[in-house]
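For reference, the chains in residue letters:
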Amino acid sequence: MGQVAWKGLFLSLFDYKTEKYVIAKNKKVGILYRVVQLSILAYLVGWVFVVKKGYQDTDTSLQSSVITKLKGVAFTNTSELGERLWDVADYVIPPQGENVFFVMTNLIVTPNQRQATCPEVGRTEPLGPQTPTKLGSVSIPDALCYKDGDCPAGEAVVAGNGVKTGRCLKDGDSIRGTCEILAWCPVEKRSKPKKPLLASAENFTVYIKNSIRFPKFKFSKMNVLATNNESYLKSCRYSTEHPYCPIFLLGNIVRWAGSDFQEMALEGGVIGIQIEWNCDLDKAPSECNPHYSFSRLDNKYAEKSVSSGYNFRFAKYYRDAEGVDYRTLIKAYGIRFDVMVNGKAGKFNIIPTIINIGSGLALMGAGAFFCDLVLLYLIKKSNFYRGKKYEEVKSSSRKSLSSPTLNGNQSPDQLGGL
């Protein structure tokens with residue numbers, strides 16, 4: 001018996017097995033199957049290949065370089081600064097032109113500061129109904145004092161301008177005063193500007209030169225028109241008619257970001273300039289074009305907040321004939337522009353094409369499996385179809401079961417509507 005069994009197993013290796021297909025004459029299941037097939041086919045062709053371009057290999061490792069250059073002059077006449085002409089060397093920070101640049105639109109100047117002792121004076125206002133003095137540090141609580149012991153020498157004033165000297169300065173007969181500090185004196189004014197100084201900066205222009213490269217496909221391009229006409233960039237402005245003239249009016253950029261330039265110039269803000277490169281390299285290189293979008297990155301709805309706007313401080317130092325160091329402190333308000341570049345390139349490749357076609361065929365098989373479940377288990381005559389699909393084979397030494405319900409030879413009428 002053992003030899004016979006091993007012989008039968010060996011001979012079975014040379015058997016050929018094929019599937020048995022059953023054609024079910026059921027219109028409902030047939031329509032469902034075709035709908036599933038068409039849905040999968042529409043998904044594969046429409047979404048995978050047309051929308052997502054699943055036949056392409058992609059490169060998202062974009063290499064980018066951004067160079068910016070501003071142009072524009074403004075004239076101001078104020079009581080603090082007098083008549084003054086402003087050019088790019090005055091209002092652009094940093095001057096070398098990077099992908100982040102700042103345009104100063106307002107400022108508070110504290111001239112002729114020198115290192116000395118002076119009162120830490122904040123927002124001046126009466127200290128109380130019985131002490132109507134102007135000497136006070138309401139906006140700097142750590143500088144308030146009633147006696148010299150409240151101003152320990154050598155201790156820095158929290159959120160202040162210098163180091164305490166140990167003296168409490170009072171005005172007249174007032175009870176409360178302010179600590180004396182060692183600092184750059186006089187200290188900075190703490191009032192906010194009422195209107196923008198460089199309101200005409202709205203008409204300044206910025207040239208944004210962007211060079212990109214997709215290393216996988218060795219494809220490079222710029223956002224500037226390749227021309228020998230030297231006057232082109234001096235006269236053009238960015239528009240739908242001139243997409244390769246990356247020269248923008250600052251006022252237009254702020255407006256496209258949904259803000260008003262004059263309101264934003266008062267206390268400053270942050271604008272994002274997005275350059276998007278989505279390139280289909282199966283087409284001509286001229287079809288790979290930059291797309292610009294603009295947005296305000298700081299919270300424009302927090303204009304009444306103490307944290308609204310954008311500002312920072314810097315100083316210009318000099319020394320007089322007697323060797324004493326002085327400086328002019330400038331608190332600069334303005335608009336910061338962040339240029340951000342991203343993109344993706346795609347090109348035909350047989351490997352992702354085969355992978356996506358194979359995935360589609362697998363989905364077709366899943367659709368057939370779903371319809372099998374409906375046919376064999378969910379409809380009323382599922383027992384009949386199940387008996388036709390799965391043939392029950394028994395040993396010839398045993399008698400067949402007399403039950404007529406599972407041998408698959410009944411007609412639907414014989415099932416009596418099972």
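First things first, this report covers the structure right here in the doc. (Residues numbered from 1 in each chain as written. Predicted model: local features only at pLDDT ≥ 70, side-chain atom pairs only at ≥ 80, totals over all residues. Heavy atoms only, no water.)

## Things to note about the packing of helix H7 (residues 350-378) against helix H8 (residues 382-389)
Item 1. Where H7 meets H8, the axes come as close as 6 Å, and the angle between the chain directions of the two elements is 115 degrees. Across the interface between the two elements, Asp372, Leu375, Leu376, Tyr377 and Leu378 from H7 touch Ser382, Tyr385, Arg386 and Lys389 from H8.
Item 2. Here the contact of H7 with H8 is composed, by residue class, of five nonpolar, one polar and three charged. (Axes fitted to C-alpha atoms, helices over the stretch in contact; angles between N-to-C directions. Helix = DSSP H or I, 4+ residues; strand = E, 2+ residues; numbered from the N terminus. Contact = heavy atoms within 4.5 Å. Nonpolar A, V, L, I, M, F, W, Y, C, P; charged D, E, K, R; others polar.)

## Focus: unusual backbone geometry
Item 1. The peptide bond linking Ile93 to Pro94 adopts the cis configuration, its omega dihedral lying at -5 degrees.
Item 2. Here the bond from Cys185 into Pro186 is cis, since omega is -5 degrees, no more than 30 degrees from zero.
Item 3. Of note, Pro186 is situated in the loop between strand E9 (177-185) and strand E10 (205-214).
Item 4. The residue Asn112 is not glycine, and still its phi comes out positive at about 55 degrees.
Item 5. Examined against the element boundaries, Asn112 turns out to sit in strand E6 (residues 100-119).
Item 6. A residue is classified by how much of its surface remains accessible, and Asn112, at 46% relative accessible area, is partly exposed.
Item 7. Even without being a glycine, Lys218 presents a positive backbone phi close to 55 degrees.
Item 8. In this structure Lys218 comes out as exposed when scored by relative accessible area, which is 71%. (Buried < 20%, exposed > 50% of the residue type's maximum accessible area, 1.4 Å probe, protein only.)

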